[in-house]
Amino acid sequence: MLKEGKKEQILEAAKDVLLKKGIFKTRVEDITTHLGIAKGSFYTYFKSKDQLLEAIIDRVYQIRNSELEDLLKSEYDYREKIKIFIIKRFMISTDNLNSHLILINLTRNLEHLTPVLREKLLKIELLNRKYLKEIIKNIPNIDYLENEIDTIIIFILGGIKSYRLDRLFYKNTDDYFISDIDEFRERLKNINLEKEVELVVSGILKLLVGGNK
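Each chain carries its own residue numbering, running from 1 in the direction its sequence is written. Given that this is a predicted model, residues contribute local features only at a pLDDT of at least 70 and side-chain atom pairs are listed and counted only at 80 or more, while totals for whole chains, interfaces and linings are drawn from all residues. Each side-chain value is worked out from all heavy atoms of the structure, with water and hydrogens disregarded.

### Here we look at the overall build of the protein chain
Inference 1: Counting secondary structure elements, the protein chain contains 10 helices and zero strands.
Inference 2: Each helix and strand of the protein chain, placed in order from N terminus to C terminus, yields the pattern α-α-α-α-α-α-α-α-α-α.
Inference 3: Each of the 213 residues in the protein chain was classed as buried or not, and the buried ones make up 42%.
Inference 4: Contacts in the protein chain between residues at least 24 apart in sequence constitute 69% of all its contacts with a sequence separation of at least 6.
Inference 5: Reported accessibility uses the Shrake-Rupley method at a 1.4 Å probe radius. Residues are deemed covered only where the shown protein chains occlude them. Total accessible area computed for the protein chain in this model is approximately 12,100 Å², and 50% of it derives from carbon and sulfur atoms. Every helix listed is a DSSP run of H or I at least four residues long, and every strand listed is a run of E at least two residues long, numbered separately from the N terminus. Buried, partly exposed and exposed residues are distinguished by accessible area as a fraction of the type maximum, computed with a 1.4 Å probe on protein chains only: under 20%, between the cut-offs, and over 50%, respectively. Throughout, a residue-residue contact means that at least one pair of heavy atoms, one from each residue, lies within 4.5 Å.

### A closer look at unusual backbone geometry
Inference 1: Unlike most non-glycine residues, Asn141 shows phi in positive territory, near 65°.
Inference 2: The exposed category is assigned to Asn141, whose relative accessible area is 76%.

### Considerations on the nonpolar core
Inference 1: Working definition of a nonpolar core: buried Ala, Val, Leu, Ile, Met, Phe, Trp, Tyr and Cys residues. They are joined through side-chain atoms within 4.5 Å. Counting 30 residues, the largest nonpolar core has Leu52, Leu53, Ile56, Ile102 and Leu106 as the members making the most contacts within it.
Inference 2: Contributions of two or more residues to this core are made by helix 1 (6-21), helix 2 (28-35), helix 4 (49-73), helix 6 (94-107), helix 7 (115-137) and helix 9 (181-189).
Inference 3: Grouped together as the second largest cluster of nonpolar side chains are 28 residues, Ile86, Leu132, Ile136 and Val197 included.

### What to know about the packing of helix 4 against helix 7
Inference 1: A fitted line through C-alpha atoms serves as each axis, taken over the contacting stretch for helices, and the angle formed by two N-to-C directions is quoted from 0 to 180°. Put simply, helix 4 and helix 7 touch, their axes get as near as 9 Å, and they point 5° apart. Relative to helix 7, helix 4 is oriented roughly parallel. For classification purposes, angles smaller than 35 degrees are called roughly parallel, those larger than 145 roughly antiparallel, those between 65 and 115 roughly perpendicular, and all remaining angles oblique.

### Observations concerning the pattern of salt bridges
Inference 1: Salt bridges are defined by distance alone: a side-chain nitrogen of Lys or Arg within 4 Å of a carboxyl oxygen of Asp or Glu. Evaluated as defined, the whole model comprises 14 salt bridges.
Inference 2: A salt bridge links Glu146 to Lys133, with the shortest nitrogen-to-oxygen separation between them at 2.8 Å. Residue Glu146 is located in helix 8 (residues 146-169), and its partner Lys133 is located in helix 7; the two are separated by 13 residues in the primary sequence.
Inference 3: Relative accessible area serves as the criterion here: at 45%, Glu146 is assigned to the partly exposed category.
Inference 4: For Lys133, a relative accessible area of 14% puts it in the buried group.
Inference 5: With a closest N to O distance of 3.9 Å, Lys137 and Glu134 form a salt bridge.

### Digging into helix 2
Inference 1: Looking at helix 2, one finds that the buried residues are Val28, Asp30, Ile31, Thr32 and Leu35.
Inference 2: Elements that come into contact with the buried residues of helix 2 comprise helix 1, helix 3 (39-45) and helix 4.
Inference 3: Following helix 2 by one or two positions, Gly36 has its phi on the positive side, about 75°.

### Structural notes on the side chain of Ser99
Inference 1: Tracing the backbone shows Ser99 in helix 6.
Inference 2: With relative accessibility at 0%, the residue Ser99 sits in the buried group.
Inference 3: The residues contacting Ser99, other than those within four sequence positions of it, are Lys15, Ile56 and Val60.

### Some remarks on the packing of aromatic side chains
The description of an aromatic ring pair uses the distance of the two centres, along with the angle that the planes make with each other.
Inference 1: To pair, rings of Phe, Tyr and Trp, with the six-membered ring standing in for Trp, must have centres within 6.5 Å; the planes then decide the type, stacked if under 30 degrees apart, edge-to-face if over 60, and tilted in the middle. Summed over the entire model, instances satisfying the criterion amount to two aromatic pairs.
Inference 2: Ring geometry for Phe42 versus Tyr43: centroids 5.4 Å apart, planes at 85°, classification edge-to-face.
Inference 3: Ring pairs connect the aromatic residues Phe42, Tyr43 and Phe46, which therefore count as one cluster.
Inference 4: Any Lys NZ or Arg CZ that is within 6 Å of a ring centre and within 35 degrees of that ring's normal is treated as a charge sitting over the ring. Sitting over the ring of Tyr61, Lys123 keeps its end group 4.6 Å from the ring centre.

### As for the environment of Ile135
Inference 1: Following the sequence through the fold, Ile135 ends up in helix 7.
Inference 2: In the structure, Ile135 is positioned 58 residues away from Asp77 in sequence and 9.2 Å away in space, judged by C-alpha atoms.
Inference 3: The residues contacting Ile135, other than those within four sequence positions of it, are Leu71, Leu72, Tyr78, Lys81, Ile82 and Phe85.

### Quick notes on the packing of helix 1 against helix 4
Inference 1: Running from amino to carboxyl end, helix 1 crosses helix 4 at an angle of 100°, the nearest separation of the two axes being 11 Å. In terms of orientation, helix 1 lies roughly perpendicular with respect to helix 4. Within the contact between the two elements, helix 1 uses Glu8, Ile10, Leu11, Ala14, Lys15 and Leu18 and helix 4 uses Lys49, Leu52, Leu53, Ala55, Ile56 and Arg59.

Remember, this is a structural readout, not a statement about activity or role.
Laid out in structure tokens, this is it:
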């Protein structure tokens, strides 16, 4: 039986079940059986499985917002900030990895999600755009209009997302996406992240600075 921090324990245990069984196949009973608790204990903290998913997304948003706020306030120059911004899209902490794998799977099934879940996922995307824009606006001699920067950011983030999915999450099987943490870590070990990010940052800066010359 669970004692202290029951809501947090339910949330963490639910992530394991969601990844092993599948988000849309998982029932509340599966989560409570895994934990050895009554269904009533689950409903004390979450009204539904969707509300639990909302809590997972909210946690990722809070962590991402804190990271990006710290990055923006840091003394790094714009090049280093862009580099760190991109690296943080790959270097996912162990504590937060399950959540990111769940978000990846939610994002590829948007048509099956509630409006609230879709809105919360969009908030994370808009958060990334907001902070990347602030970094870009501080590049010396940047000569793009506001709406042009917005368009460039959409392309940059879209490229990062596609690259990240292909390098870390896609599988050449019917499952399509990795849902196993050990497999993810093995993928990450086999990538020369520093070198690849340097290449991406160089291309982005050529677009932003050299592209106007």
